[in-house]
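# Understanding the architecture of this molecule
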Amino acid sequence: MSEPNPVIFLHSVERRYHQGDADLHILKGADLAVWMGQSVALIAPSGAGKSTLLHIAGLLEHPDGGEVYIDGVATSTLPDTERTQIRRTDIGFVYQSHHLLPEFSAVENVMLPQMIRGLTRGEARNRSIELLTYLGLKARLTHRPAELSGGEQQRVAIARAVANAPRILLADEPTGNLDPHTADRVFDTLRQLVRASGLAAIVATHNLDLAQRMDRRVTIREGAIIEVD
Ligand code: ADP
Ligand code: MG
């Protein structure tokens, strides 16, 4: 039997920015493959290109060279409508700040992406309640973001990211704004979810303790991805 495709495969990815007279060559042939159920911590100093890499992996940005394969499919030549479709159905994002809609409750924030995708209100509500309960927020369903703690807000953001059952989860310093104890809990939640749902996850973080609990650790050195212990 042949090896299954990685869920996501960044191959020889190049990214340059022109800033005034300077030519910043941020990614120089970066390679990264992630399989189903696998969590990868991306640990690198500020400015190394973590967010850039996640944006390219999430099809939010085009690389200047190389290719992003999702389930073995090359995405660079797909029309924008198909890239958007993949982003909506296959990829979930979590950011450092939660980006929840302030006027909606926790459960409504998780329902919205599902309704955009075509689920009925009732279906979306049931799945949202199930997810939020799994993430320990059963008693917070009708709270608005301002009525939640930082850790609770991030757990709602995680629920929203996986609401449409994506295959890939991309998180950009998701616990960067949290105190150590809360960061710990949120990180555990994330890891549990990755294992239980067979997601492929790439999580940028500065927290080495948390990174140690992921399946793999990588860094960006001189524009390339390197595995670290
Ligand atoms: P990290 O997330 O690891 O802190 P980023 O991926 O955000 O790093 O940025 C990597 C480098 O690329 C930084 O030096 C940053 O200033 C530069 N950069 C990022 N986005 C742009 C942009 N849109 N235009 C110019 N330079 C950028
Ligand atoms: Mg960043």
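Values in this document were obtained by computation on a predicted structure and should not be read as measured data.

On to the site of ligand 1, then. Neighbouring residues of ligand 1: Tyr 17, Gln 19, Ile 26, Pro 45, Ser 46, Gly 47, Ala 48, Gly 49, Lys 50, Ser 51 and Thr 52. About the coverage of ligand 1: the protein hides 64% of its 560 Å² of free accessible area. Contributing elements (two or more residues each) for the shell around ligand 1: strand E1 (8-19) and helix H1 (50-57). Top contributing element to the shell around ligand 1 by residue count: H1, with three residues. Looking at the shell around ligand 1, its residues break down into four nonpolar, six polar and one charged.

Moving on to the environment of Val 7. You can see Val 7 is positioned in the segment before E1. Distance from Val 7 to Tyr 69, taken between C-alpha atoms, is 8.0 Å for residues 62 residues apart in sequence. Setting aside residues up to four positions removed in sequence, Val 7 forms contacts with Val 34, Trp 35, Met 36, Tyr 69, Ile 70, Asp 71, Arg 167, Ile 168 and Ala 200.

Time to look at the confidence of the model for the protein chain. Across the protein chain, the average pLDDT comes to 94, with 99% of residues at or above 70. The secondary structure element of the protein chain with the lowest average pLDDT is helix H6 (residues 180-197), at 87, and the one with the highest is H1, at 98.

This part takes up helix H4 (residues 121-134). The α-helix advances 3.6 residues per turn, and as a result positions three or four apart in sequence lie on the same side. Look at H4: 20 Å from first C-alpha to last across 14 residues, which is about the 20 Å you get at 1.5 Å a residue. Among all positions of H4, only Ala 124, Ser 128, Leu 131 and Leu 132 are buried. The buried residues of H4 all sit within an arc of 95° when viewed along its axis, so they share a single face. For H4, the exposed residues lying more than 90 degrees away from the buried face are Asn 126 and Glu 130.

What follows covers H6. Along its 18 residues, H6 runs 26 Å from first to last C-alpha, staying within 8% of the 26 Å computed at 1.5 Å per residue. Where H6 is buried, its residues contact strand E3 (39-42), H4, helix H5 (150-161), strand E7 (168-172), strand E8 (200-204) and helix H7 (208-211). Residue Asp 179 occupies the N-cap position of H6, its side-chain oxygen lying 3.1 Å from the main-chain nitrogen of His 181. Gly 198, located one to two residues past H6, shows a positive phi value of around 70°.

All right, on to the sheet that holds strand E5 (residues 73-74) then. In sheet architecture, strand pairing relies on hydrogen bonds along the backbone and comes in two forms, parallel and antiparallel. Reading across from one edge, E2-E1-E4-E5 is the order of the four strands in this open sheet, with antiparallel pairing throughout. Each end of this open sheet is capped by a strand with a single partner; those strands are strand E2 (22-34) and E5. Of the pairings in the sheet, the one linking strand E4 (residues 65-70) to E5 comprises two bridges and is antiparallel in character. Paired with Tyr 69 across the strands is Ala 74, a residue of E5. In this fold H1 packs onto E1, E2 and E4, with an angle of close to 125° to the strand it touches most, E1.

A pair of packed helices is characterised by two quantities: the angle between their axes and the separation of those axes. The contact between helix H3 (residues 106-116) and H4 brings their axes to 8 Å, and the two run at 125°. Judged on the interaxial angle alone, H4 and H3 are oblique. As for how H3 packs across H4, the hand of that crossing is right-handed. For the pair H3 and H4, contact is made by Ala 106, Val 107, Val 110, Met 111, Gln 114 and Met 115 and by Arg 121, Glu 123, Ala 124, Arg 125, Arg 127, Ser 128, Ile 129, Leu 131 and Leu 132, respectively. Residue classes in the contact of H3 with H4 are distributed as nine nonpolar, two polar and four charged.

What follows concerns the packing of aromatic side chains. Overall, the coordinates contain two aromatic pairs when judged by the stated rule. The interplanar angle of 20° and the centroid separation of 5.6 Å between the aromatic rings of Phe 9 and Tyr 69 together place this pair among those described as stacked. Taken together, the residues Phe 9 in strand E1 and Tyr 69 in strand E4 connect sequence positions 60 residues apart. Using a relative accessible area of 26% as the deciding quantity, one classes Phe 9 as partly exposed. Note on Tyr 69: relative accessible area 25%, which makes it partly exposed. Geometrically, the ring pair formed by Phe 93 and Tyr 95 is stacked, given 6.1 Å between the ring centres and 5° between the ring planes. Its relative accessible area of 30% is what places Tyr 95 among the partly exposed residues.

Rules used throughout
Residues numbered from 1 in each chain as written. Chains lettered and ligands numbered in written order. Predicted model: local features only at pLDDT ≥ 70, side-chain atom pairs only at ≥ 80, totals over all residues. Heavy atoms only, no water. Near = heavy atom within 4 Å. Areas by Shrake-Rupley, 256 points an atom, 1.4 Å probe, with all protein chains shown as cover. Helix = DSSP H or I, 4+ residues; strand = E, 2+ residues; numbered from the N terminus. Nonpolar A, V, L, I, M, F, W, Y, C, P; charged D, E, K, R; others polar. Contact = heavy atoms within 4.5 Å. pLDDT = per-residue confidence, 0-100. Expected span 1.5 Å × (residues − 1). Buried < 20%, exposed > 50% of the residue type's maximum accessible area, 1.4 Å probe, protein only. Arc of directions from axis to C-beta. Polar contact = N/O pair within 3.5 Å; in protein donor to acceptor, adjacent residues only side chain to side chain. Pairing = 2+ DSSP bridges. Axes fitted to C-alpha atoms, helices over the stretch in contact; angles between N-to-C directions. Parallel < 35°, antiparallel > 145°, perpendicular 65-115°, else oblique. Left-handed = near helix turned anticlockwise from the far one by under 90°. Phe/Tyr/Trp six-rings, centres within 6.5 Å; stacked < 30°, edge-to-face > 60°.

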